[in-house]
Amino acid sequence: MKNLLLSAAMVCATTSLFAQLYVTPTGSDPMVDTDSYIYVDNQVLFVEQDIQLVENTIDPTTKASIYIRNRGQLMQGTTSSANSGTGYISIFQDSNSDAYDYNYWCSPVGFMATAVGNRNFGFARVHDSITQTQSFATQLTGGVNGSSSPLTISTRWTHSWDPLAQSWFPVGSATQNLVPPGYGFIMKGTDVSVHTNPFGDPQNQRYDFRGRPNNGDITMPVSYNAVTQHYTLTGNPYPSALDLKEVFYDTDNTEIDSFRYWDEDRSINSHYYIANKGGYGSWIPGPEADDANPGTYTRPTFYNYDNGGGQGTSTGVMGATFERRYAPIGQGFMIVANTSGNITIKNEHRQFVREGVAQDSQFRNPNSGGDASASVSGAGIPVNNENLTPQIRVVTVFGENSHMRDMVLMFHDTATDGYDRGMDATHPMDADAAEAYFPIDQGLDTERDLVIQTVPFVPTKRVPMAFELEEETTFFVQAVEQINTPFEKAYLFDSSNGSYQEITHDETASLLLPAGVYEDRFFITFRGNFNDDSPVNTLVAERQKRLLETVEFVQNNPIAKLEVSNPEGYDIQSVQIYDMSGKLVLNQANLGTQSRLSFPTANFSDGVYLVKLLTTDNLSMDYKITVNNK
């Protein structure tokens with residue numbers, strides 16, 4: 001007879017009572033003693049402090065101390081107490097990938113040891129589930145294909161990533177534990193499935209992760225290189241969902257630029273680099289104050305790769321779209337940094353969110369959609385989401401459907417025309433033959449290329465859109481999606497000849513250009529070709545440019561004032577200051593034509609603020625200041 005300590009119903013009623021959790025069998029004599037375990041079915045088990053587990057030894061079918069099933073989760077409090085003991089939890093994650101397809105992982109458990117705390121991951125922690133409580137340790141093979149019966153993982157395709165050396169290393173054998181807590185790893189699936197859909201794989205493999213549950217702060221390095229993009233392979237290291245918006249906006253994680261997710265053409269059954277096709281999509285959380293915002297994801301462009309792993313030609317296909325805000329258990333991803341340092345994933349970032357599209361939480365769903373054709377229409381991206389930042393999704397198709405680039409242009413009052421962390425995402429720039437991107441000037445002759453950009457909206461705005469072509473190329477630009485936008489139409493404006501081509505409402509801009517880099521010629525505009533080139537609007541554009549050149553902002557921290565220089569006497573209608581959560585902290589109106597203005601900042605908390613200036617003739621500019629009143 002076994003001790004079933006808590007049923008699913010009891011978990012709901014009693015979890016608030018757990019300060020610490022200790023689970024141990026009644027003894028080791030099979031004649032008189034019994035195993036003890038907790039079975040969590042579609043609920044959350046919350047423990048405020050540490051968990052101590054002792055392995056069951058009486059019945060081989062109930063060796064784990066805690067079973068988490070049917071989208072249940074284990075969460076722990078912010079005290080970051082260290083878990084301990086010889087026992088372990090058992091938690092499932094499914095993966096739709098066959099023996100030819102990669103998934104990116106991050107283990108929620110580590111090995112058990114005398115020492116307390118989080119431990120490294122190795123393949124002894126991956127099991128083959130037989131029943132709801134019984135499993136066997138996975139087998140490993142040096143062969144090219146893994147299999148599902150019994151569960152066998154091919155070690156040829158299992159690697160982790162060294163963020164300091166920027167290189168892959170093998171995960172190792174069943175007796176090795178080489179992956180530190182919080183570090184991700186890649187692994188191909190099992191068996192061989194025949195299918196034609198690039199986005200879904202009919203083969204589903206269930207993995208049973210058994211080990212000591214990770215808990216508390218997990219820190220890892222990230223690095224930045226202005227020439228070659230650097231990555232850190234990490235993911236969700238806990239047996240519960242992880243809110244990536246909380247991770248991103250934690251003050252200890254300001255180094256994060258964006259999150260990258262690998263996807264590949266699942267219909268290709270080959271282990272050769274030259275035959276496979278894949279790429280990275282990008283996700284950012286959006287404005288910090290928009291708590292209901294699920295974030296923004298751009299689908300990857302699928303490329304071929306050469307024998308050395310270098311990128312080759314593209315495929316004319318993009319990856320599927322996924323909901324990414326809440327990383328499910330086991331989800332791995334890359335982090336792209338904007339500066340070098342360390343980031344920390346914490347218990348306070350954990351949330352009890354069940355995996356699913358409706359909950360903005362997907363691991364890999366074969367029915368997620370995506371564009372299987374080489375057309376920019378019918379992209380299969382969710383629409384009409386009232387929580388999304390106003391945006392248009394712009395797809396560029398190069399050549400005879402040689403490849404595509406998915407980009408998003410968003411509009412928000414707290415954004416600037418420069419780089420806004422959380423609202424802009426650095427571009428992968430991983431297309432060799434041709435590329436499209438949003439260029440922004442960061443000053444000091446430096447530029448950042450974006451795949452997602454957020455700007456403040458004014459009707460006269462022109463957003464630069466750049467193209468880089470290795471050879472003469474025909475390409476097409478279309479806004480395949482328009483959500484909550486403050487305009488009716490958008491156009492691609494060619495400043496070299498003054499032409500406008502609409503890109504919304506199923507209209508497509510078509511271009512043929514010789515090889516070159518075009519960063520100052522093309523712009524996305526919103527007023528159309530009926531009046532934008534009139535003398536009146538030309539004058540408006542010139543005055544807007546002059547405003548940006550002459551009005552200056554200086555945050556004078558020694559005297560706790562923001563000083564504004566207005567030497568040409570623009571009639572200033574308002575100056576507003578927002579903190580980075582979007583809260584309006586200062587609003588001054590009808591300021592006139594004074595050549596110098598000043599605004600007190602002594603009562604501001606230290607930090608970064610956005611200043612927005614508007615003139616009476618609808619010219620505008622924005623500027624970021626850093627207040628330090630220490």
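Coordinates for the structure precede this section.
Residues numbered from 1 in each chain as written. Predicted model: local features only at pLDDT ≥ 70, side-chain atom pairs only at ≥ 80, totals over all residues. Heavy atoms only, no water.

Draft legend 1. Summary view of the pairing of strand 41 (residues 491-494). Neither face of strand 41 is exposed, since Tyr-491 and Phe-493 on one face and Leu-492 and Asp-494 on the opposite face are all buried. For strand 41 and strand 42 (residues 499-502), the ladder comprises four bridges, and the chain directions are antiparallel. When the bridges of strand 42 are listed, Leu-492 appears paired with Gln-501. The turn joining strand 41 and strand 42, which pair antiparallel and follow one another in sequence, is formed by four residues; a positive phi near 75 degrees is taken by Gly-498. The pairing of strand 41 with strand 45 (residues 522-525) spans four bridges and is antiparallel. Bridging across to strand 45, Asp-494 finds its partner in Phe-522. (Buried < 20%, exposed > 50% of the residue type's maximum accessible area, 1.4 Å probe, protein only. Helix = DSSP H or I, 4+ residues; strand = E, 2+ residues; numbered from the N terminus. Pairing = 2+ DSSP bridges.)

Draft legend 2. Quick peek at the side chain of Asn-214. Inspection of the secondary structure assignment puts Asn-214 in the loop between strand 20 (204-213) and strand 21 (218-222). Owing to a relative accessible area of 1%, Asn-214 belongs among the buried residues under this scheme. In terms of polar contacts, Asn-214 uses its side chain to reach the backbone carbonyl oxygen of Pro-237, at 2.9 Å. Dropping the residues within four chain positions of it, Asn-214 is found in contact with Gln-76, Ser-107, Pro-108, Val-109, Gly-110, Asn-118, Arg-119, Pro-181, Pro-237, Tyr-238, Pro-239 and Arg-350. (Polar contact = N/O pair within 3.5 Å; in protein donor to acceptor, adjacent residues only side chain to side chain. Contact = heavy atoms within 4.5 Å.)

Draft legend 3. Representation of the pairing of strand 24 (residues 256-264) in the model. With nine of nine residues buried, strand 24 lies mostly within the body of the structure. Here strand 24 pairs with strand 30 (residues 332-337) via four bridges, running antiparallel. Residue pairing in the sheet places Ser-258 in a bridge with Val-336 of strand 30.

Draft legend 4. Local environment of the environment of Asp-201. Checked against the element boundaries, Asp-201 lands in the loop between strand 19 (185-188) and strand 20. The class of Asp-201 is buried, set by a relative accessible area of 2%. Each C-alpha atom, one on Asp-201 and one on Asp-101, is 8.9 Å from the other, the two residues being 100 residues apart in sequence. Of note is the side chain of Asp-201, whose polar atom sits 3.0 Å from the backbone nitrogen of Gln-203.

Draft legend 5. Structural view of the pattern of salt bridges. Throughout the structure, instances matching the rule amount to 20 salt bridges. Residues Arg-206 and Asp-94 are paired through a salt bridge, measuring 2.9 Å at the closest nitrogen-oxygen approach. With Arg-206 in strand 20 and Asp-94 in strand 9 (residues 89-96), the pair connects residues that are 112 residues apart, well separated along the chain. Assessed through its relative accessible area of 34%, Arg-206 is described here as partly exposed. As a salt-bridge pair, Arg-393 and Glu-481 come within 3.2 Å of each other at their nearest N and O atoms. Here Arg-393, found in strand 33 (residues 391-398), pairs with Glu-481, found in strand 40 (residues 473-483); they are 88 residues apart in sequence, far enough to count as distant. Residues Arg-393 and Glu-481 agree in their burial class; the two are buried. Each of Arg-299, Arg-393, Asp-406 and Glu-481 takes part in a single network of salt bridges with overlapping partners. (Salt bridge = Lys/Arg side-chain N within 4 Å of Asp/Glu carboxyl O.)

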